[in-house]
Structures are given as structure tokens and as C-alpha cells.
Amino acid sequence: MTTCTGQTYYLIELSARLSTTLSIMSPQERSRLTVGEHISVEIEKIAHGGHAIARHNGAVIFIRHAIPGEKCTVEITSIGATFNRADVVSVESTSPDRVVAPCKYSHRNGCGGCDFQHISLDRQRALKSEVITEQFSRIAKMDINIEVQEVAQPLGWRTRCTMHTSKNGKLGFLKARSHDVVEVEECLVLSSHINLGQLTKQQFPVGSTLEISSSQANERTVVLKNEEGAYTLLEGPESQSVQIAGHSMQVHHQSFWQSHQAAPEILTRTVRDLAGVKSGDAVLDLYGGVGLFTAALCEDVGQQGSITLVEASKSATGDAAKNFANFPHVKIVHSDVAKALPRISRADVIVLDPPREGADKKVIAELIRLQPRCIVYVSCDPASLARDSRALHDAGYPLQDLRAFDLFPMTHHIECVALFTQSKVS
């Protein structure tokens, strides 16, 4: 089964709507744009994926580095049958929320990472709230009014990154929608403990990538990955130590871990609050990684309860097995979630933190079969969350609570935690 990101779902549905509109327009009425062309447009609204939307003589354009309400001159960067892409060249009517980007690499020809640096922090979160509202309205057919919560300062928050080497062997980040490397001397959103400036002065093999992380104890791990995918540990521990809910845990450099330094504490607190786990409960921790949420809940279930963590990553389940070796009521399952669920017969509470494409139909069907008391869904993509929220609602698990956190400031990304509770018994 082919899966799509939330943004792809948006484009698929948008294409269908535009096809209907364009079918009633004559070829003369449709705008014939060309790559490199400069046009003046008025920015309408923000789209899922961080782009702003504008229209030009019937053509829809996704635009980088714009703000709704502005009038801009843009350069067309790609064209398609139903939508086009462009970058802002100049702004003729400026939004009061436009600010000078703090990073010198944040511009249309620079790094493709921080796509919101030109927007005030309050407006960044407001736009993210609008995206959640729009996705739930369009996909889930639900009216959602939510505030994206500020969690920390907008710079210096990121503890993990992947960098690429340029043809000169210098470190940098990729341009937007490109494999071209923009060499950098620093990155303002990275934690100071990564000390990126020291690394960017060095030379590395052309065509390689560097995976860099810093831990709560300010350990720095630097791993070189060559073009064949082989890893070489250049500096620091292979696994870093973290403390979660009083538990000391290990995270291997190949295992997933939240990049915002405040995310583990915020997300575990929220999941624990919404899940309402009781002593004796059987809990499923799906897409559980190294055990972030298991660590937060394993005391709550008590010795009479159980937690089953399911994760497809061999590295992460290896970490989880070590992290919970002294907890006999915690079971680690190395498997694809969709394949593991049919073998499970009981779940009082289910926590899932799927990748960006969300949970597929088979997974949703298995969640419903288990008839848990509640489902807590952690999501980094509002479109796939909205799609799965509709499916859960229709199966008797309406959305009861939704919280959103700005765990990726200066970017369009959002982290949400949703609670679904059972309304009927099948």
C-alpha cells in the first residue's frame, strides 16, 4: 500500500477541486505561467506545508516566504497541471507581522530549513492554528478552534540535525526542494552544546552526511554516514543518556528521539494527563521508539498491569529492551505495527505516535477491534491526524481533547496530542 504525507493528501484533494474549476474555463482564461517569470500577486492564506497561497488568472500558486495579506512580486519556480510554485522576490504591501529573519541563511536562495523566520512569533503560531483548523474542517469535517502553545525560546532549541557536505567538503543544509547544499557557518536554532561553528570549520568527505546530536548531559555525538550508508562514529558516545520520568534511558544515534530539548517532558506530561492510566491497565505503546511514553506510564500501570511497546526500528527496540530490562511488566515487540496488532487481544489504553503519514486503515481497524477505553494520538502532521480522527469518530471514538505545541519554532511544523474516548461498544 502506498502512503502519502499529509501535504500530499492536501495536494491530491486540491488537484481534484481545481480540475473541476479548470474544466469550465477556456484555455484562453487559464494563466500560462513559465518558470522564471515574475508576476504580482496578493497572498490569500497559509497552506499545509508552510506555503502561502495566491492565484493568478485562474492559476493557483504555492509561495515560499510570503505572509497572508501581502502583495508580492514572485518568481515562478515550477509549473504543473493544477498548481505552481514560486518564491517571493519583493514585497510591495508588507504585513505588520513581517520581521527581519535572524538567520542570514534564511532567504529564497538559502537554507530550506526554517521557512517561517520572516514571520513574527505570535503570527507563526496563529498560522499554525489556522492550518490545524483548516485540515480538520476539510478532511475530518470537524470544527476545531485551537491555540498552538508556545513552549520555549525560538532559537537554540534543536538538539539533533543532519547536515550534508558540499562539493567543497564543507558542511551545510539543503535548499528547499533541492539536493543543492548551502554551506553554513552556524545554525541559530541548534543548541549551543552542538557547537556547530567548530564543525563547520572542518573538511569532510564529499557526498557524505553528518548526524549530530547533543544530550541532556550536553554530550555531543557526531556520526559520519558515507554515500553507501555506512556509519562511522567520529566523536562522542554511540548512545546518549536521557532522564524521563525518573528513568535513566539510552538512545542510540540511529534511534529516533524528539529534536526539541523540551519535547520529551512536554509530550510525556501531556500523554500521561490525557491517558488517565490506572493500576492494572493493559497499555499499548505503538510506534513506541526507545520507550519515551512507556517510561512515563510504566509506574502508573503497576506490577499488575502491562505495557506492550511495538516498534519497527531495530535500533530503537534494541534501546527499549535495555531501557526496560528490569521491568517484567513491559514487553518490547520488534515489528511493523500493522503486523503486530492482530496478535494482541487486550488494550485498555492505546498510545500511538506514528510517522508523518499517520496510521493506515489496517491499524485504525485493529485499534477499534481492541475496544480500548481511550486512544491518545501524538502527531506531527495535522492532515493525517485529521484523516485518522474522522475514521476514529466514525468507529465510535470521537475526539475529546486536542492540544498543539510549537515544538518546531521558525518552521511550519506542529506537534499535536489528541484524545479519543469510546462512545459506544460494538
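Residues numbered from 1 in each chain as written. Predicted model: local features only at pLDDT ≥ 70, side-chain atom pairs only at ≥ 80, totals over all residues. Heavy atoms only, no water.

A. A look at the overall build of the protein chain. Looking only at helices and strands, one finds 9 helices and 22 strands in the protein chain. Since a compact globule built from 426 residues should have a radius of gyration of about 22 Å, the 23 Å found for the protein chain is in line with a globular shape. Summarising its shape, the C-alpha atoms of the protein chain cover approximately 70 × 55 × 40 Å along the three principal directions. Burial status across the protein chain gives 54% buried among its 426 residues. (Helix = DSSP H or I, 4+ residues; strand = E, 2+ residues; numbered from the N terminus. Rg over C-alpha atoms; globule rule 2.2 N^0.38 Å. Buried < 20%, exposed > 50% of the residue type's maximum accessible area, 1.4 Å probe, protein only.)

B. Geometry of the packing of aromatic side chains. Evaluated as defined, the whole model comprises 3 aromatic pairs. Taking the centre distance of 6.0 Å and the plane angle of 70° together, the rings of Phe324 and Phe327 count as edge-to-face. No difference in accessibility class separates Phe324 from Phe327, as the two residues are buried. (Phe/Tyr/Trp six-rings, centres within 6.5 Å; stacked < 30°, edge-to-face > 60°.)

C. Geometry of the sheet that holds strand β18 (residues 330–334). Overall, mixed pairing links the 8 strands, which are arranged β7-β21-β22-β20-β19-β16-β17-β18 in an open sheet. In this open sheet, the two edge strands, each paired with only one partner strand, are β7 (148–149) and β18. Here strand β16 (residues 282–286) runs beside strand β17 (residues 306–311); their pairing, made up of 5 bridges, is parallel. When the bridges of β17 are listed, Ala282 appears paired with Ser306. Across the sheet, helix α8 (residues 361–370) is in contact with β16, β19 (349–352) and β20 (374–379); its angle to β19 comes to roughly 160°. (Pairing = 2+ DSSP bridges. Contact = heavy atoms within 4.5 Å. Axes fitted to C-alpha atoms, helices over the stretch in contact; angles between N-to-C directions.)

D. Looking closely at the packing of helix α2 (residues 121–140) against helix α9 (residues 382–394). In the contact formed by α2 and α9, the axes pass within 8 Å of each other and the chain directions differ by 40°. When the interaxial angle is binned, α2 and α9 end up oblique. Seen along the crossing, α2 lies across α9 with a hand that is right-handed. Contact residues: Val131, Ile132, Gln135, Phe136, Ile139 and Ala140 in α2; Pro382, Ala383, Leu385, Ala386, Arg387, Ser389 and Arg390 in α9. In the contact of α2 with α9, the residues fall into 9 nonpolar, 2 polar and 2 charged. (Parallel < 35°, antiparallel > 145°, perpendicular 65-115°, else oblique. Left-handed = near helix turned anticlockwise from the far one by under 90°. Nonpolar A, V, L, I, M, F, W, Y, C, P; charged D, E, K, R; others polar.)

E. A look at the nonpolar core. Ranked by internal contacts, the top residues of the largest apolar core, which has 46 residues, are Ile132, Phe136, Leu286 and Leu402. Residue contacts for Leu402: discarding those within four places in its chain leaves Ile132, Phe136, Ile144, Ile146, Leu385, Cys416, Val417 and Ala418. (Core = buried A, V, L, I, M, F, W, Y, C linked by side-chain atoms within 4.5 Å.)

F. Representation of the sheet that holds strand β1 (residues 38–42) within the structure. Pairing within the open sheet is mixed, and its 6 strands lie in the order β1-β5-β6-β4-β3-β2. Of all strands in the sheet, those with a lone pairing partner are β1 and β2 (45–46), marking the two edges.

G. Up close: α2. For α2, with 20 residues, the first-to-last C-alpha span of 28 Å sits near the 28 Å given by 1.5 Å per residue. Positioned one or two residues after α2, Lys141 has a phi angle of 60°, which is positive. (Expected span 1.5 Å × (residues − 1).)

H. Layout of the pairing of β18. Looking at chain direction, β17 and β18 are connected through 5 bridges and run parallel. Note that in β18 the partner of Leu309 across the bridge is Ile332. The β-α-β motif built from β17, the intervening helix α6 (residues 314–323) and the parallel element β18 has right-handed crossover chirality. (Right-handed = clockwise from strand over helix to strand, strands pointing away.)

I. Up close: the environment of Gln117. For Gln117, the location among the structural elements is in the loop between β6 (84–93) and α2. Residue Gln117 is classed as buried on the basis of its relative accessible area, which comes to 2%. As a C-alpha pair, Gln117 and Ala101 span 16 residues in sequence and 4.9 Å in three-dimensional space. Polar side-chain contacts of Gln117 include one of 3.1 Å to the backbone nitrogen of Cys103. (Polar contact = N/O pair within 3.5 Å; in protein donor to acceptor, adjacent residues only side chain to side chain.)

J. Inspection of the confidence of the model for the protein chain at higher detail. For the protein chain, the mean per-residue pLDDT works out to 93, and 92% of the residues sit at or above 70. Across residues 14–29, where pLDDT falls below 50, the model places 19 contacts with residues more than four positions away in sequence or in other chains. (pLDDT = per-residue confidence, 0-100.)

K. Summary view of the layout of surface pockets. Space inside the second largest pocket adds up to approximately 280 Å³. For the lining of the second largest pocket, the secondary-structure elements that each account for two or more residues are β4 (59–64), β5 (71–78) and β6. Here the lining of the second largest pocket is built from residues that sort into 3 nonpolar, 6 polar and 7 charged. (1 Å grid on protein atoms, 1.4 Å probe; cavity = no way out; pocket = protein on both sides within 12 Å on 5 of 7 lines; lining within 4 Å. Points joined across faces, edges and corners; volume = space filled by probe spheres on them.)

L. View of the pattern of salt bridges. Per the stated rule, a full pass over the model turns up 20 salt bridges. Close ionic contact of Glu150 with Arg125 constitutes a salt bridge, the shortest N to O distance being 3.7 Å. Remark: Arg125 occurs in helix α2 and Glu150 occurs in the loop between β7 and β8 (160–165); sequence separation between them is 25 residues. By sharing partners, the salt bridges in this structure join Asp122, Arg125 and Glu150 into a single network. (Salt bridge = Lys/Arg side-chain N within 4 Å of Asp/Glu carboxyl O.)

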